[in-house]
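# Inside the fold
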Amino acid sequence: PAWIQGHDKQMRPVSYRQFGHFEIWNVLKLTSLQKLIRFHSWEAEQALRVMNNTSKDTGYNIETFVLVIDAAGWSMKLATSDAFAFIKGMVSTDADHYPGTIIV
């Protein structure tokens with residue numbers, strides 16, 4: 001699960017992701033790794049829209065958003081090659097398309 005909720009003290013949107021119990025093998029029965037990475041991009045684009053709207057509403061230039069990753073419940077059982085490929089894909093996408101935008 002992922003969602004954007006509220007802002008920090010600097011008016012940056014805060015995006016939350018729960019990866020602690022993320023069993024990627026079950027998700028990959030329903031979709032592809034590439035689609036998961038594209039969904040990650042869609043989530044980042046939603047945060048960019050919030051940043052743009054907040055900038056317009058407040059008159060301040062909001063250029064970053066905060067990403068909070070909840071890893072409670074994570075275990076080595078979840079550390080599969082698919083999980084690492086997903087992480088690598090997200091990091092690569094962020095570096096290529098959103099450099100300096102996401103604060104983890």
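Everything in this summary refers to the structure shown in the same document. (Residues numbered from 1 in each chain as written. Predicted model: local features only at pLDDT ≥ 70, side-chain atom pairs only at ≥ 80, totals over all residues. Heavy atoms only, no water.)

### Quick word on the nonpolar core
Heads up, the condition is: Take the buried Ala, Val, Leu, Ile, Met, Phe, Trp, Tyr and Cys residues and link them wherever side-chain atoms come within 4.5 Å; each set so joined is a nonpolar core. Only protein chains enter the accessibility calculation, which uses a 1.4 Å probe; a residue is then buried when its area is under 20% of its type maximum, exposed when over 50%, and partly exposed in between. Elements are defined by DSSP. Helices are runs of H or I of four residues or more, strands are runs of E of two residues or more, and each kind is numbered from the N terminus. Contacts were defined at the residue level, with two residues in contact if any of their heavy atoms lie within 4.5 Å.
Counting eight residues, the largest nonpolar core consists of Ala44, Ala47, Met51, Ile62, Phe65, Leu67, Tyr98 and Ile102. Considering each element in turn, this core owes the most residues, three residues, to helix H2 (residues 33–58). Ignoring any residue separated from it by four or fewer positions in sequence, one finds Ile62 in contact with Gln10, Met11, Arg12, Pro13, Met51, Thr54 and Ser55. In terms of nonpolar packing, the next biggest core, distinct from the first, is built from six residues, Ile24, Leu36, Ile37 and Phe86 among them.

### Side note on the packing of aromatic side chains
Describing an aromatic ring pair means giving the distance of the ring centres and the angle of the ring planes. Convention followed: Each aromatic pair joins two rings of Phe, Tyr and Trp (for Trp, the six-membered one) with centres within 6.5 Å, and gets the label stacked for planes under 30 degrees apart, edge-to-face for over 60, and tilted for any other angle.
With the rule as written, the count across this model stands at five aromatic pairs. Between Trp3 and Tyr16 the ring centres are 5.5 Å apart and the planes differ by 20°, which places this aromatic pair in the stacked class. Separated by 13 residues along the polypeptide, Trp3 in strand E1 (residues 2–7) and Tyr16 in strand E2 (residues 13–18) bring together distant segments of the chain. Arranged with centres 6.3 Å apart and planes meeting at 85°, the rings of Phe19 and Phe86 form a pair that is edge-to-face. Taken together, the residues span a long stretch of sequence, with Phe19 in the loop between E2 and helix H1 (24–27) and Phe86 in helix H3 (residues 81–97) at a distance of 67 residues. Judged by relative accessible area, which is 22%, Phe19 ranks as partly exposed. Put simply, the rings of Phe19, Phe22 and Phe86 pair up and form one aromatic cluster.

### A closer look at the pairing of strand E3 (residues 65–70)
We count it as follows: DSSP bridges decide pairing: two strands pair if at least two such bridges lie between them. Handedness of a crossover is defined as follows: with both strands directed away from the viewer, a clockwise route from the first strand across the helix to the second makes it right-handed.
Pairing of E2 with E3 involves five bridges; the strand directions are parallel. Counted as the bridge partner of Gln18 is Asp70 from E3. Bridge count for E3 against strand E4 (residues 102–103) is two bridges, and the pairing is parallel. Paired with Val66 across the strands is Ile103, a residue of E4. For the crossover that starts at E3, traverses H3 and ends in the parallel E4, the hand is right-handed.

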